[in-house]
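Residue-level structure breakdown
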Amino acid sequence: MRIGLSGARVVSVDALSSAPSGPRRLVLPALCNAHDHARTFRSATLGAFEQPLEAWLPFLGVLPGVDPYLCAATSFARSLRNAVTRVMVHYTRVQGGLPYVDEALAVARAARDVGVHIGFAVAMRDRNGIGLCEDSAVLAVLRPALRAAVAERLSVRAVSPEVQLEQVDALAQALALAPELGAHVTLQYGPAGVQWCSTPLLEAVAEASQRTGRPVHMHLLETRYQRAWADSNHPQGIVRYLDELGLLSPRLTLAHCTWARPEELALLAERDVTIAVNTSSNLGLKSGMAPLAAMVQAGCRVAMGLDGMAFDEDDDALHEMRLAYALHRGWGFDVALTREQLWAFAARNGVRSVEGRGADDGLRGVLAPGGLADFVVLDWERLDDDTLFPDVDPLSLLLARARSGHIDQVVAGGRIVVRGGKLTQLDEEALRAELIERVRAGLGASGDWAGWQRQLSALAQDLAPFYRSSAYLGCC
Ligand SMILES: [Zn+2]
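Read on for a plain summary of the structure. (Residues numbered from 1 in each chain as written. Predicted model: local features only at pLDDT ≥ 70, side-chain atom pairs only at ≥ 80, totals over all residues. Heavy atoms only, no water.)

Quick word on the overall build of the chain
Rules: Helix numbering and strand numbering both begin at the N terminus, where a helix is a DSSP run of H or I of at least 4 residues and a strand a DSSP run of E of at least 2. The reference for a compact globule is 2.2 Å times residues^0.38; the radius of gyration itself is calculated from the C-alpha atoms. Working definition: with a 1.4 Å probe on protein chains only, accessible area under 20% of the residue-type maximum means buried, over 50% means exposed, and in between means partly exposed. To measure how exposed things are, a 1.4 Å probe is used in the Shrake-Rupley method; for residues, cover is taken only from the protein chains shown. Under the counting rule used here, the positive set is Lys and Arg, the negative set is Asp and Glu, and His together with the chain ends is not counted. To locate a charge, take atom NZ for lysine, CZ for arginine, CG for aspartate or CD for glutamate.
Each helix and strand in the chain was counted, giving 20 helices and 15 strands. Taken over the C-alpha trace, the chain has a radius of gyration of 22 Å; the compact-globule value for 476 residues is 23 Å, and the two agree within 12%. Counting every position in the chain, which comprises 476 residues, the buried fraction comes to 55%. With the model as given, the accessible surface of the chain reaches about 19,600 Å², and the carbon-plus-sulfur share is 54%. Looking at the chain, you have 46 positive and 54 negative side-chain charges, and the mean spots of the two groups are 1 Å apart.

Written out as structure tokens, the structure reads:
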């Protein structure tokens, strides 16, 4: 085939009359990461391997804040090398040190320099800083020696809905003044989750999204504890509660829904909400297995997220797609998820989560005239290195064994942004080395970070009996 490009779009895809000479290449549309946070250090590096979500979240603050550009650029670079050109960034870890808008612009600069398009959701929360309960209730179950440090570092600092929304508007203005950055960013509202946001905050977000058309990105029903909390606090149904607030719409993406029930999926399907399923993250944080096939069968729009937690901590989106397929395609002769549905999950549906709804919805994640010139070129000689039968479907080989190591090029917006497995626009290794050096220096400079890291392991031990019991269910 010959693929013709004009600017950021594909203009033609034509069959060649004869096979070209040279090595074989397989071109596929770039994949999309519909839920992430642009985190940069891997979980095990932080000492958080195997922690369930409720004990893992505090580890996100185990490092001193560093340069947001370096953090975001190294994270985006890894995404791009791993077949993803569109990344959702629910920006939950603010590095600090700069005014918020300046920090967000640094993230936007990183997206532009690396060559990805991001959805940037301004993270919002106004309650339950330490867990599923009021901070005082969680502090009360901890060993006394831990309480002061945990309260100081993790307690929620309630900021009014108005001020949180103003931050989004201020960022919108700043992006409008820097169109070369704005072109790489779709600004969104990012309420953290129902257990972390008051009703007035969620109402304000729903109203603002309706008024501005900006998308909303939020976590829902990620763990069994959130499921039990939701049932206890919203006996009429947590999804119904979100519907009454006016949040359920095609502008909304809900990350996880691991513990959603059939009637909840039916309502999400009816409202055309996107669900971002994060298979590896759910395994890594011991959250469970999302009912992906049931979601698809219920008519939900489902998209793949990596959540910074790919199975081998490597952001390999091709491997993530394979893992989701292996777990959800059905057992024996049953087909619960087709290849077409898998493809929509991995490449097509998430674009709306990142960029919002667009007139080109139907052309997203396909290589066709009018579609985005975002694609991945695989070195087929290396992937298909033991051919015996010429008519084995290449898609079978792709699904069976493709990994990021097979990627020869990534094209985003019509430009070659990865070649030979390396970024063409930035020196990723140099950025990463600088980041690690700065973080190490920060760890040694001020504050007892190693001590805090040990305290977080103690916190995890104290949280275990609290969540195993139903003590947290009295909280709202
Ligand atoms: Zn997440």
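Some words on the sheet that holds strand β15 (residues 422-423)
Stated formally: Strands were regarded as paired on the criterion that DSSP finds at least two bridges between them.
Within the open sheet, the five strands sit side by side as β3-β12-β13-β14-β15. Their pairing is antiparallel. Among the strands making up the open sheet, the edge pair consists of β3 (25-29) and β15. Note: strand β12 (residues 375-379) against strand β13 (residues 407-412), four bridges, orientation antiparallel. By the bridge assignment, phenylalanine 375 is partnered in β13 with valine 411.

Observations regarding helix α8 (residues 199-212)
What counts, and what does not: Under the convention used throughout, the expected extent of a helix is 1.5 Å for every residue step, that is, one less than its residue count.
For α8, with 14 residues, the first-to-last C-alpha span of 20 Å sits near the 20 Å given by 1.5 Å per residue. Once α8 ends, the next one or two residues include glycine 213, with phi positive near 80 degrees.

Focus on the coordination of the zinc ion
Note the following rule: Distances decide who is a donor: an N, O or S atom must be within 2.8 Å of the metal, or within 3.2 Å for Na, K and Ca. Water is not included, so sites may look incomplete. The rule is simple: four donors are tetrahedral if all their angles sit between 85 and 135 degrees, four are square planar and six octahedral if opposite donors span more than 155 degrees and the others lie between 65 and 115, and anything that fits none of that is irregular.
At 2.1 to 2.6 Å from the zinc ion lie its protein donor atoms, namely His35 (NE2), His37 (NE2), His219 (NE2) and Asp307 (OD). Considering all four donor atoms around the zinc ion, angles at the metal cover 83 to 178 degrees and the coordination shape is irregular. Mapping the donors of the zinc ion onto the primary sequence yields the spacing H-x1-H-x181-H-x87-D. The exposure classification of histidine 35 matches that of histidine 37, with both residues buried.

Remarks on empty space enclosed by the protein
Here is the rule: Grid points spaced at 1 Å over the protein atoms alone were grouped into cavities, where a 1.4 Å probe fits but cannot get out, and pockets, open sets with protein on both sides within 12 Å along at least five of seven lines, with lining residues defined by an atom within 4 Å of a point. Grid points are joined across faces, edges and corners, and a volume is the space filled by probe spheres set on the points. All amino acids are sorted into three groups, where Ala, Val, Leu, Ile, Met, Phe, Trp, Tyr, Cys and Pro are nonpolar, Asp, Glu, Lys and Arg are charged, and the leftover types, Gly among them, are polar.
Across all of its chains, the model carries four cavities of 30 Å³ or more by this definition. Taken as a whole, the largest cavity holds about 240 Å³ of empty space. Per-element accounting of the lining of the largest cavity gives the leading share, three residues, to helix α2 (residues 68-81). Tallied by class, the residues present in the lining of the largest cavity amount to 14 nonpolar, three polar and two charged.

Quick notes on the packing of aromatic side chains
To keep things clear, this is the line we draw: Working definition: a ring pair exists when centres of Phe, Tyr or Trp rings (six-membered ring for Trp) sit within 6.5 Å. Plane angles under 30 degrees give stacked, over 60 give edge-to-face, the rest tilted. The rule for a charge over a ring is simple: NZ of Lys or CZ of Arg within 6 Å of the ring centre, and within 35 degrees of the ring normal.
Under the defined criterion, the tally for this structure stands at six aromatic pairs. Between tyrosine 225 and tyrosine 472, the ring centres sit 5.9 Å apart and the planes meet at 80 degrees, which makes this aromatic pair edge-to-face. With tyrosine 225 in helix α9 (residues 224-233) and tyrosine 472 in the segment after α20 (449-468), the pair connects residues that are 247 residues apart, well separated along the chain. Its relative accessible area of 4% is what places tyrosine 472 among the buried residues. Ring geometry for tyrosine 467 and tyrosine 472: centres 5.2 Å apart, planes at 50 degrees, overall tilted. For the pair formed by tyrosine 467 and tyrosine 472, the shared burial category is buried. Every member of this aromatic cluster is reached through a ring pair, and the members are Tyr225, Phe466, Tyr467 and Tyr472. Seen from the ring of tyrosine 325, arginine 329 lies directly overhead, with NZ or CZ sitting 5.2 Å from the centre.

Structural notes on helix α11 (residues 262-270)
What counts here: Note on definitions: a residue-residue contact is assigned when non-hydrogen atoms from the two residues lie within 4.5 Å.
Inspection of α11 places Glu264, Leu265, Leu267, Leu268 and Ala269 among the buried residues, and these make up the whole buried set. The elements touched by buried residues of α11 are α9, α10 (238-244), β9 (252-256), β10 (274-277) and α13 (292-297). Positive backbone phi, at 60 degrees, marks aspartate 272, one or two positions downstream of α11.

Considering the environment of valine 159
Relative to the helices and strands, valine 159 is located in the loop between α5 (144-154) and α6 (161-177). Counting along the chain gives 32 residues from valine 159 to arginine 127, while the straight-line C-alpha distance between them is 9.4 Å. The residues touching valine 159, leaving out its near neighbours within four places in the chain, are Asp126 and Gln164.

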